[in-house]
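Coordinate inspection notes
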Amino acid sequence: MAQERLDKMLASRGAGSRKEVGQLIRLGRVTINGQACRDPAKKADPEQDVVCVMGVPLRTRKERYFMLNKPAGVISATEDATQKTVLELFPASERTGLAPVGRLDKDTLGLLLVTDDGALNHALTSPRRHVDKRYAALVSGSLCADAAERFAAGVELRDGTRCLPAELVVRGQTPDGWTEVEVVLHEGKYHQVKRMIAALGGHVERLERLSMGPLTLDPALERGSYRALTEEEIETLFAACR
Ligand code: URA
């Protein structure tokens, strides 16, 4: 591929406006093949050179990014001797190198990103660059009346672990007495929604992830199917990691 000016290359891949990326470059936050480059006019080849903005590689167009509407009954792993994995929802010819971004429990539904971009996967799941995750849950049992306040203050799990402040909104009640809630987490602990709800007296009967960072589950995507992310969605994901 042809060489491009660094500021133009960054701006056209969603790293910010031309002015913003110019500032980032001058501040030494952009590296080409590991060396800080402070010249916005410097030329590089996006296919040959490794260009990073604040440590996160600029997206090269070779990698694949998918949004999966995860069904129940499959595990968030690349392979397993006994259980069906989310990768088995992809044709064998497509699977090489793909991995789920983080984990959803076997019975959790909804948005799961799947990519062969290890750097983005790491950036999205790293506790240092945590992206928000929004869930819809159906809760049985008696959720305490001050559940929203307890979420906002940071729930203490039954094992004594303290969670970061989170959001809980009660959306309604089902005819059989279950409570519909929406939860936003700013971190990712094991079984976190279920454990937070359990600490408040409820039991999660059904859990679906609705969004992850800037990405929302496509309502047109049937359970168990996937689609490639659009260029715009990919850029917003990269921007969320910076
Ligand atoms: N919290 C849970 O309890 N389970 C999930 O799958 C995701 C978040």
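Residues numbered from 1 in each chain as written. Predicted model: local features only at pLDDT ≥ 70, side-chain atom pairs only at ≥ 80, totals over all residues. Heavy atoms only, no water.

1. Brief notes about the overall build of the chain
Along the backbone of the chain there are seven helices and 15 strands. Oriented by its inertia axes, the alpha-carbon framework of the chain measures out at about 65 × 40 × 30 Å. Residues counted as buried form 47% of the 242 residues belonging to the chain. In the chain, once contacts between residues fewer than 6 apart in sequence are set aside, the share between residues at least 24 apart is 61%. Summed over all atoms, the accessible surface of the chain reaches about 12100 Å², with 50% contributed by carbon and sulfur. (Helix = DSSP H or I, 4+ residues; strand = E, 2+ residues; numbered from the N terminus. Buried < 20%, exposed > 50% of the residue type's maximum accessible area, 1.4 Å probe, protein only. Contact = heavy atoms within 4.5 Å. Areas by Shrake-Rupley, 256 points an atom, 1.4 Å probe, with all protein chains shown as cover.)

2. A look at helix α4 (residues 118–125)
Along α4, the residues that are buried comprise L120, N121, A123 and L124. The arc that holds every buried residue of α4, seen down its axis, measures 165 degrees, which confines them to one face. Here the buried face of α4 lies against β7 (65–70), β8 (99–100), β9 (109–115), β13 (202–212) and α7 (231–241). At the N-terminal end of α4, a side-chain oxygen is found 3.2 Å from the backbone nitrogen of A119, two or three residues along, and the residue is D117. (Arc of directions from axis to C-beta. Polar contact = N/O pair within 3.5 Å; in protein donor to acceptor, adjacent residues only side chain to side chain.)

3. Brief notes about the side chain of E233
Here E233 shows up in helix α7. By relative accessible area, which is 16% here, E233 ends up buried. Here the side chain of E233 touches T230 through a polar contact of 2.9 Å, landing on its backbone nitrogen.

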